[in-house]
Structures are given as structure tokens and as C-alpha cells.
Amino acid sequence: MQGSVKYTYPADGFYGPFGGAFIPELLQPCVEELRSQYLSIMAEPSFLHQFEALLKDYVGRPTPLYYAHRLSKHYQSHIYLKREDLCHTGAHKVNNTIGQILVAQRLGKQRIIAETGAGQHGVATATVCALMGLECIVYMGEKDIVRQAPNVQRMKMLGAEVRPASSGSKTLKDATNEAIRDWINNPSDTHYIIGSVVGPHPYPDMVSRFQSVISQEILWQLKEKTGNENPTRIIACVGGGSNAAGAYFHYLERESVELISVEAGGMGVHSGKTAATSQIGTQGVIHGSMTLLMQTKDGQIVEPHSISAGLDYPGIGPMHAHLIQSKRAKVVAIEDDHAVKAAFLMAKLEGIIPALESSHALAALDELELKPNDINVINLSGRGDKDLNTFMNHTRHE
Ligand SMILES: *Cc1c(COP(=O)(O)O)cnc(C)c1O
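For clarity, every value in this text was computed on a predicted model and none was experimentally measured. (Residues numbered from 1 in each chain as written. Predicted model: local features only at pLDDT ≥ 70, side-chain atom pairs only at ≥ 80, totals over all residues. Heavy atoms only, no water.)

Participant: Where do I start with the overall build of the protein chain in this structure?
Facilitator: In terms of regular secondary structure, the protein chain is built from 16 helices and 14 strands. A compact globule built from 398 residues would reach a C-alpha radius of gyration of about 21 Å, and the protein chain, at 20 Å, matches this within 12%. Principal axes of the C-alpha set define a box for the protein chain whose edges measure 55 × 50 × 40 Å. Residue pairs in contact within the protein chain that sit at least 24 positions apart in sequence constitute 74% of those at least 6 positions apart. Positive and negative charge centroids in the protein chain, built from 36 and 41 side chains respectively, lie 4 Å apart. (Helix = DSSP H or I, 4+ residues; strand = E, 2+ residues; numbered from the N terminus. Rg over C-alpha atoms; globule rule 2.2 N^0.38 Å. Contact = heavy atoms within 4.5 Å. Lys, Arg positive; Asp, Glu negative; His and termini not counted. Charge placed at Lys NZ, Arg CZ, Asp CG, Glu CD.)

Participant: Teacher, can you tell me more about the site of the ligand here?
Facilitator: With respect to spatial proximity, 17 residues lie near the ligand, and among them Lys93, Ser196, Gly241, Ser242 and Ser381 are the closest. Ser242 has a polar backbone atom sitting 2.7 Å from an oxygen atom of the ligand. In this structure, Ser381 approaches the ligand through a side-chain N or O atom, which is 2.7 Å from a nitrogen atom. Contact with the protein chains removes 97% of the 380 Å² of surface that the ligand exposes when unbound. Counting only domains with at least three residues in the shell around the ligand, you end up with domain 1 (14-55 + 93-206) and domain 2 (60-90 + 212-396). (Near = heavy atom within 4 Å. Polar contact = N/O pair within 3.5 Å; in protein donor to acceptor, adjacent residues only side chain to side chain. Areas by Shrake-Rupley, 256 points an atom, 1.4 Å probe, with all protein chains shown as cover. Domains from an automatic or database assignment.)

Participant: Explain the packing of helix H4 (residues 93-106) against helix H9 (residues 203-211) to me, please; I cannot follow it from the model alone.
Facilitator: For any two helices packed against each other, the geometry is given by the interaxial angle and the distance between the axes. At their nearest, the axes of H4 and H9 sit 8 Å apart, and the two run at 115° to each other. For the crossing formed where H4 meets H9, the hand is right-handed. Residues Lys93, Asn95, Asn96, Gly99, Gln100 and Val103 of H4 form the contact with H9, whose participating residues are Tyr203, Met206, Val207, Phe210 and Gln211. When its residues are assigned to classes, the contact of H4 with H9 shows five nonpolar, five polar and one charged. (Axes fitted to C-alpha atoms, helices over the stretch in contact; angles between N-to-C directions. Left-handed = near helix turned anticlockwise from the far one by under 90°. Nonpolar A, V, L, I, M, F, W, Y, C, P; charged D, E, K, R; others polar.)

Participant: Is there a simple way to think about the domain arrangement of the protein chain in this case?
Facilitator: A common way to express how large an interface is: the accessible area buried when the components associate. Under the domain assignment, the protein chain is made up of domain 1 (14-55 + 93-206) and domain 2 (60-90 + 212-396). Computed over C-alpha atoms, the centres of domain 1 and domain 2 are 23 Å apart. With 27 residues of domain 1 in contact, the opposing surface of domain 2 contributes 32 residues. Summed over both partners, the interface of domain 1 with domain 2 buries about 2,300 Å², with 67% contributed by carbon and sulfur atoms. (Buried area = accessible area lost by both parts, 1.4 Å probe.)

Participant: Can you help me understand the pattern of salt bridges in this one?
Facilitator: For side chains of opposite charge, pairing can occur when their charged atoms come near one another. A complete count under the given rule lists 19 salt bridges for this structure. The closest approach of N and O atoms between Glu32 and Arg35, which form a salt bridge, is 2.9 Å. Separated by three residues within a single helix, Glu32 and Arg35 lie in helix H1 (residues 28-43), roughly one turn from each other. Take Arg35: its relative accessible area is 34%, and that puts it in the partly exposed class. Its salt-bridge partner being Asp182, residue Arg163 comes within 3.9 Å of it at the nearest N-O pair. (Salt bridge = Lys/Arg side-chain N within 4 Å of Asp/Glu carboxyl O. Buried < 20%, exposed > 50% of the residue type's maximum accessible area, 1.4 Å probe, protein only.)

Participant: Is there a simple way to think about the sheet that holds strand S8 (residues 190-192) in this case?
Facilitator: Adjacent strands of a sheet form backbone hydrogen bonds with each other and so pair up, either parallel or antiparallel. In spatial order, the strands read S7-S6-S5-S8; together these four strands make up an open sheet with parallel pairing. In the strand order of this sheet, the two ends are held by strand S7 (161-165) and S8, each with one partner. With direction set aside, neighbouring strand axes in the sheet form an average angle of 25°. As defined by bridge partners, strand S5 (residues 111-116) adjoins strand S6 (residues 135-141) across six bridges and the pair is classed as parallel. Bridge pairing in S6 links Thr116 to Met140. The strands touched by helix H5 (residues 120-132) within the sheet are S5 and S6, with S5 carrying the most contacts at an inclination of about 165°. Those strands touched by helix H8 (residues 172-185) are S5, S6, S7 and S8, and its axis lies near 160° from that of S5. (Pairing = 2+ DSSP bridges.)

Encoded structure:
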């Protein structure tokens, strides 16, 4: 990207004060091998060719940019949905796992590890390992294995080994520790696939580049439909921030385009049961990067809460910490109930059942001042089949 580049990444991996690689000495060689090679690998014509071909024929890209007629009428403003829910496996995550598996192959790695909380990233990783015939080990907290049984079954059917993390709170954080331990012990043959724009440099940059295909498509699709590449605003939910990073990427330096980042308010931003990291978080290191995170005064991580598993994360990618702190992006927090309501509205008005995560982005329409001529692009990060039980149980209790 040319001109005054303020928000895309500088070579040292810092986004303003956030980012970097704060990792144990023993992990340095693994991360450094990746850091020193990822940009040149990603620029190889053979890499680009293979990546584009898989995105087209395997993932089903380009995903449509759909003008939501009835939703637009309801809100009295133009609403376009970027249909990442139509990607193979049902969400945007596969854009990144395909990219990383191709990098891993070129680094000569035979073995893939990943950690997963809700299991979505584990499934996306198991999928591409099957596609490429690589060994796949997914670390998952013991508690999460019980809570997310269907995704565990999917991973197993795809040929992955799911290894339980039985220390600590037996959730994502513990699975991450196990994965890091594995990588340290198997540096030469193993690649660690991280699922969002989090972790030490170069992961946030690498993952946002793989996901940037989303905004690359929005540019021409919107031009085709409206005559203008630029919408009024782009709205995306932020867990770690990879779907948002992808939807924003080519618009980061176009400051007339508003970026709306939607966090999970949970039961309320100040209720103690929330995942609104940017609002109640403070600066610190999580998963190897300096960013905003939910922590106590003495640096203990505060357990997040969100009705949606994909947004239930105590940190936020460093790119987003910077976008929010520099006021390039505006944050909206959406509570559990509101997200569920937005999902039902969407289902009834458009015949699309959105993922709970994406429903947060939809609900943000209620919190913005929309004008009749505004062009709103919502990144519909995933589909809601996986959330049906939650939708049904939640409304029954109302
Ligand atoms: C995982 C997930 C998210 C959250 O992850 P990001 O890295 O913030 O995009 C959002 N939506 C869906 C459908 C997901 O599966």
C-alpha cells in the first residue's frame, strides 16, 4: 500500500504501541523462521496461484456481496452483506487456514498443531490438513471438549487428533500453553496455525493479509453495484479480530470509510460478565503480543463472557487495539439478548440464519445513526447452524 500508511503494519510488527513478539526464549527460533520467510513465500507466484485457486474452487470465493432489500427497508438505509457465511465450513476462518497450510508446506513442515476454544478454528485447521494430507493435532481444554462435542466429532472425522488440556481452568488458555509447549519441543517439523489476528508477530500481519481477500472483493463488488468502491461504513464483529481485519484491510487508509468494530457486551459492559475488551481492557501481554486485555490490577486474566463462543476472548488483536485507541475505528458493544434478537430479525427478513458472532455486527445497526443514502457493509462472518440450540434456548427463557 502506497502513500501515508498509518494503520497497516510496519516492519517491526508494531501497530502503534501494540503488537511485537513477547515470547519465551525457547520459542524464538520457531517464530523467527516464520517471520523471516512469510513475506517472501506469500509473494511467490506459485504460492499466489495455489492460494487463489483453492479460495476459488475449494472455499467458493468470491463470496457474494448481497444487497439485503428487506433489511435495508427496515433500517431505512442501504445494507450490503458480505457473505462469508457461504465459505466452505461456514465461516471466514478457512481463508486463513488455507493460507497458513500453504506456508507450512513451503517451510517443509509435515505436522500441524493448533489450539481451539469453541472448536471452530480446530475444524478449519483439521479441514485443510485433510486437504493437504498433513498430520493434525488440535489442543483443546478438557472443559471445552465436553461443551463443544459436535466440533470435536467433526475434527475426528476429518482425521485430526484432539488432545485434551487438563491443567488450569481446562479452557482455551490452557490449550494455548500446551500448543506452545508442543511447538518448542518440535521446532523443525511442526507449524502452529493460529486462528485470528493475535499472537506474536508475524501472526497478526500474516493472518490479516490472508483475510484481506474479503475487502479486496468488497472493493470491486461495491463498485459494480453502486459505482463507488467506498461504502459509508464497514461493520464487523471482533473476537480476536480476523474477520474485521479482512473486511477493513483495503480501507484502512481510506479515512472517509468508517470502521465499526463490534464487541461482545455479554450481560453488560460493566456487569462483570462481558468480553468488551477494548472498553474495560488495559494494556498488557497476552499470547505473545502487547495489546488490550481484560486483566486484574496484578495482571491476572479476567474470564470473559459472551453468548457467542467466537467472541468469548479476553484480548483483542494488536491491530484493533491500535485502530480503536487512535480512533480510526469506532467500537460498539452489543449484549447477548440484543445479538439474539438481531439474528431472528435477519432470519425473518432475509432468510439467512447468521452466526451468533455475526449477529453482534447486525445488532450494531440499532446503535448507529443511519442516513437513507448511507451504504453500510456488514461482514457476515459465519452461518448460524452451529448456534441453533443457543437461539432456541435463549428465546424460550425470555
Ligand atoms: C471465530 C469467529 C469469529 C471471531 O473471530 P475473529 O478472529 O474476530 O474474526 C467471528 N465470527 C465467526 C463466525 C467465527 O467463527
